[in-house]
Amino acid sequence: MARAGDDGDVVAQSLEQPELFARLYDRYAPDIHRYAARRLGDSAADDSPTLECARAGGPPSADTFLVAFRTRSRYDVTRSNARPWLYGIAGNLIGKQRRAEIRALRALARSGHDPVAESWSERADARVTAQAAHAPLAGALAGLSAGDRHVLLLVAWAELTYPEVAEALGIPVGTVRSRLNRARRKVRSALGADPAFTLDATEVV
């Protein structure tokens, strides 16, 4: 049963009072936008600042809340944290633009310079370093399969736990672990022995 004030309670109440869904937007829109910007670039992820504008459709960060709003009746309101659900929706939308993501990563891999990638490191916390602005890492990410890259970045950039990633993607935790391990091996192999590019114990790229 949903508890008063948690995300499940907000979703449940929004079925009768749709305007309450804006609370989820206020809580999570900045994080979803940041994640989409890291994946696709600021211009592709750029977002309107209100839920009303998001309902009009548009880039992945706005459309995430549009889809969530339209499908909220299917949300399991016993789940107190809606972040995995929202990141799962965002990932599906980003997946539809995977060619744009690959183009952006490969361009960075060629040039080694990209203002969006540099902005990642400026906005990042301790888990995401200036490595993100370097060409080798961009090339390594571009070389991953869509499924492996999605798992890796949900852990590294969205900071979801393994169970949360499993919930977001609708896959078993064991599959999350296997995809993450495979992605880490490929990234390490692509980066070689360069000490500037390391994966720490939290599997952050």
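Quick caveat: nothing in here was measured; it's all calculated off a predicted structure. (Residues numbered from 1 in each chain as written. Predicted model: local features only at pLDDT ≥ 70, side-chain atom pairs only at ≥ 80, totals over all residues. Heavy atoms only, no water.)

Applying the stated criterion to the full structure yields four aromatic pairs. Ring centres of Tyr 35 and Tyr 87 lie 5.3 Å apart, and the angle between their planes is 90°; this geometry places the pair in the edge-to-face category. Of this pair, Tyr 35 sits in helix α2 (residues 22-40) while Tyr 87 is found in helix α6 (residues 83-95), placing the two residues 52 residues apart along the sequence. Both residues of the pair, Tyr 35 and Tyr 87, belong to the buried class. (Phe/Tyr/Trp six-rings, centres within 6.5 Å; stacked < 30°, edge-to-face > 60°. Helix = DSSP H or I, 4+ residues; strand = E, 2+ residues; numbered from the N terminus. Buried < 20%, exposed > 50% of the residue type's maximum accessible area, 1.4 Å probe, protein only.)

Turning next to the pattern of salt bridges. The tally for this structure, following the rule as stated, stands at five salt bridges. For Asp 31, the salt bridge identified is with Arg 34, shortest N-O distance 2.4 Å. Taken together, the positions of Asp 31 and Arg 34, both in helix α2 and three residues apart, correspond to about one turn of that helix. When its relative accessible area of 23% is taken as the criterion, Asp 31 is described as partly exposed. On the basis of relative accessible area, Arg 34 is assigned to the partly exposed category, the value being 28%. In this structure, the salt-bridge partner of Arg 182 is Asp 148, at a minimum N-O distance of 2.7 Å. Here Asp 148 lies in helix α10 (residues 146-156) and Arg 182 lies in helix α12 (residues 173-191), a separation of 34 residues in the sequence. Exposure remark for Arg 182: the relative accessible area of 31% places this residue in the partly exposed category. (Salt bridge = Lys/Arg side-chain N within 4 Å of Asp/Glu carboxyl O.)

This paragraph deals with the side chain of Asp 9. Turning to its location among the elements, Asp 9 is positioned in helix α1 (residues 7-14). Although buried, Asp 9 forms no salt bridge, and the nearest oppositely charged side chain, Arg 23, lies 5.8 Å from it. Only 2.5 Å separates the side chain of Asp 9 from the side chain of Gln 13, close enough to count as a polar contact. (Lys, Arg positive; Asp, Glu negative; His and termini not counted. Polar contact = N/O pair within 3.5 Å; in protein donor to acceptor, adjacent residues only side chain to side chain.)

Leu 24, Tyr 35, Trp 85, Leu 86 and Leu 141 are the most contacted members of the largest nonpolar core, which totals 50 residues. For this core, the leading source of residues is α2, giving eight residues. Excluding residues within four positions of it along the chain, Leu 141 makes contact with Leu 105, Arg 149, Leu 152, Leu 153 and Trp 157. (Core = buried A, V, L, I, M, F, W, Y, C linked by side-chain atoms within 4.5 Å. Contact = heavy atoms within 4.5 Å.)

A few words on the environment of Ala 62. Inspection of the secondary structure puts Ala 62 in helix α5 (residues 60-70). In sequence terms Ala 62 and Ala 36 are 26 residues apart; their C-alpha atoms lie 9.9 Å from each other.

Before going further, it helps to spend a moment on the confidence of the model for the protein chain. For any part of a model where pLDDT is low, the fine detail of the predicted coordinates should not be relied upon. Predicted confidence across the protein chain gives a mean pLDDT of 77, with 68% of residues reaching 70 or more. Between residues 114-133, whose pLDDT stays under 50, and residues either more than four places distant or in other chains, the model counts 40 contacts. Across residues 195-205 the pLDDT falls below 50, and counting only partners more than four positions away or on other chains, this stretch makes 26 contacts in the model. (pLDDT = per-residue confidence, 0-100.)

Every buried residue of helix α11 (residues 162-169) is listed here: Tyr 162, Glu 164, Val 165, Ala 166 and Ala 168. Check the buried side of α11 and you find it contacts α6, α10 and α12. Downstream of α11 by one or two residues, Gly 170 has phi in the positive range, about 70°.

Among the secondary structure elements, Asp 7 is positioned in helix α1. Once you skip the residues sitting within four places of it in the chain, Asp 7 turns out to touch Leu 24, Arg 27, Tyr 28, Arg 79, Ser 80, Asn 81, Ala 82 and Arg 83.

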